[in-house]
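Observations on the three-dimensional arrangement
Residue strings, one per chain:
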Amino acid sequence: ADSSFKGAKLLGAALGGVDNGKRNRFAGIDFSSADMRETAYKSASFERCIFGHTRLEKTNFQGTSFVDCRFEGEVRDVLFNRFAFQGEEFPPNEMVNVDFRRASLRFVDFRGLTLDRVHFPEDKEHIVIRNCAAALDKVLLLFRKQEDPAAKMLIYFLENYRKWMVPNQAQGVINARDLFEVAGENGVNLFLAALSK
């Protein structure tokens, strides 16, 4: 608690191990510029933690919960889940007051989360979608009627994104650069046009 892990080399560390039903708790920790790539979790708790330009690539937080945490810089290839696989005995991750406003979210997945208390970036790079499940269902319906190759690539990408949503998901976010990598500039334009409808 209330410690600094700034610049720490934590590559592959088991930070979220569970022992006799007890999990690790990190409170008031500054992980800025730490290397936390591929860190391992079943469940843990992060409260009032700062992830400023922290390397998190290929990290699956499983059932780890986040409360009053802030992320800055690129967050790439990261999974946030409500529960770990077969980890329903632990408190759910509800992402309470989690701030991504100064982050760049690249291929980040939020699984089984309502995201109603998450602050996403408000810039041209990020497309924040309200009433996300219903909106994507309509977008996918439009794309399935099209023959455009970009639309077909978007279907695959969006179906994978959609399958992890809960019916009451308040919002979601997709990075326009992720769409560009998947389906090119035409794909980005197609998606934005479909979403505006």
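This section reports on the structure supplied with the text. (Residues numbered from 1 in each chain as written. Predicted model: local features only at pLDDT ≥ 70, side-chain atom pairs only at ≥ 80, totals over all residues. Heavy atoms only, no water.)

1. Re the sheet that holds strand 6 (residues 50–52)
Hydrogen bonds between backbone groups are what pair the strands of a sheet, and the pairing can be parallel or antiparallel. Stated precisely, the cut-off is as follows: Paired strands are those between which DSSP finds at least two bridges. Secondary structure follows DSSP: runs of H or I at least 4 residues long count as helices, runs of E at least 2 residues long count as strands, and numbering of each begins at the N terminus. Note on contacts: a residue pair qualifies if any of its non-hydrogen atoms lie within 4.5 Å across the two residues. Every axis corresponds to a line fitted to the C-alpha atoms, with the helix fit spanning only the stretch in contact, and the corresponding angles, defined between N-to-C directions, vary from 0 to 180 degrees.
Pairing within the open sheet is parallel, and its 4 strands lie in the order 6-9-11-13. Of all strands in the sheet, those bounded by a partner on one side alone are strand 6 and strand 13 (118–119). Bridge analysis of strand 6 against strand 9 (residues 70–76) gives 3 bridges, and the strand direction is parallel. Its bridge partner being in strand 9, glycine 52 is matched across the sheet by glutamate 72. Sheet strands in contact with helix 3 (residues 176–196) are strand 9 and strand 11 (98–106), and its direction is about 20° off that of strand 11.

2. Considering the side chain of aspartate 35
Here is the rule we go by: We define a polar contact as two N or O atoms separated by no more than 3.5 Å, with the added condition that, inside protein, one atom must be a possible hydrogen donor and the other a possible acceptor, whereas residues neighbouring each other in sequence contribute only through side-chain atom pairs.
With respect to the helices, strands and loops of the structure, aspartate 35 is situated in the loop between strand 3 (22–27) and strand 4 (40–41). In this structure the side chain of aspartate 35 is engaged in a polar contact, spanning 2.6 Å, whose partner is the side chain of arginine 37. With residues near it in sequence (within four places) discarded, aspartate 35 still touches Ala8, Lys9, Leu10, Leu11 and Arg55.

3. Things to note about the packing of helix 1 (residues 132–143) against helix 3
The condition that has to hold: Throughout this description, any angle smaller than 35 degrees is read as roughly parallel, any larger than 145 degrees as roughly antiparallel, any in the 65 to 115 degree range as roughly perpendicular, and the remainder as oblique. Here a crossing is called left-handed whenever its near helix is offset anticlockwise from the far helix by less than a right angle, and right-handed whenever the offset is clockwise. Residue type decides the class: Asp, Glu, Lys and Arg count as charged, Ala, Val, Leu, Ile, Met, Phe, Trp, Tyr, Cys and Pro as nonpolar, and the leftover types, Gly among them, as polar.
The geometry of helix 1 relative to helix 3 is characterised by a closest axis approach of 9 Å and an angle of 120° between their N-to-C directions. One finds that helix 1 runs oblique with respect to helix 3. Between helix 1 and helix 3 lies a crossing whose hand is right-handed. When helix 1 is examined against helix 3, the residues Ala135, Leu136, Val139, Leu142 and Phe143 are found in contact with a partner set consisting of Leu190, Phe191, Ala194 and Leu195. Residue classes in the contact of helix 1 with helix 3 are distributed as 9 nonpolar, no polar and no charged.

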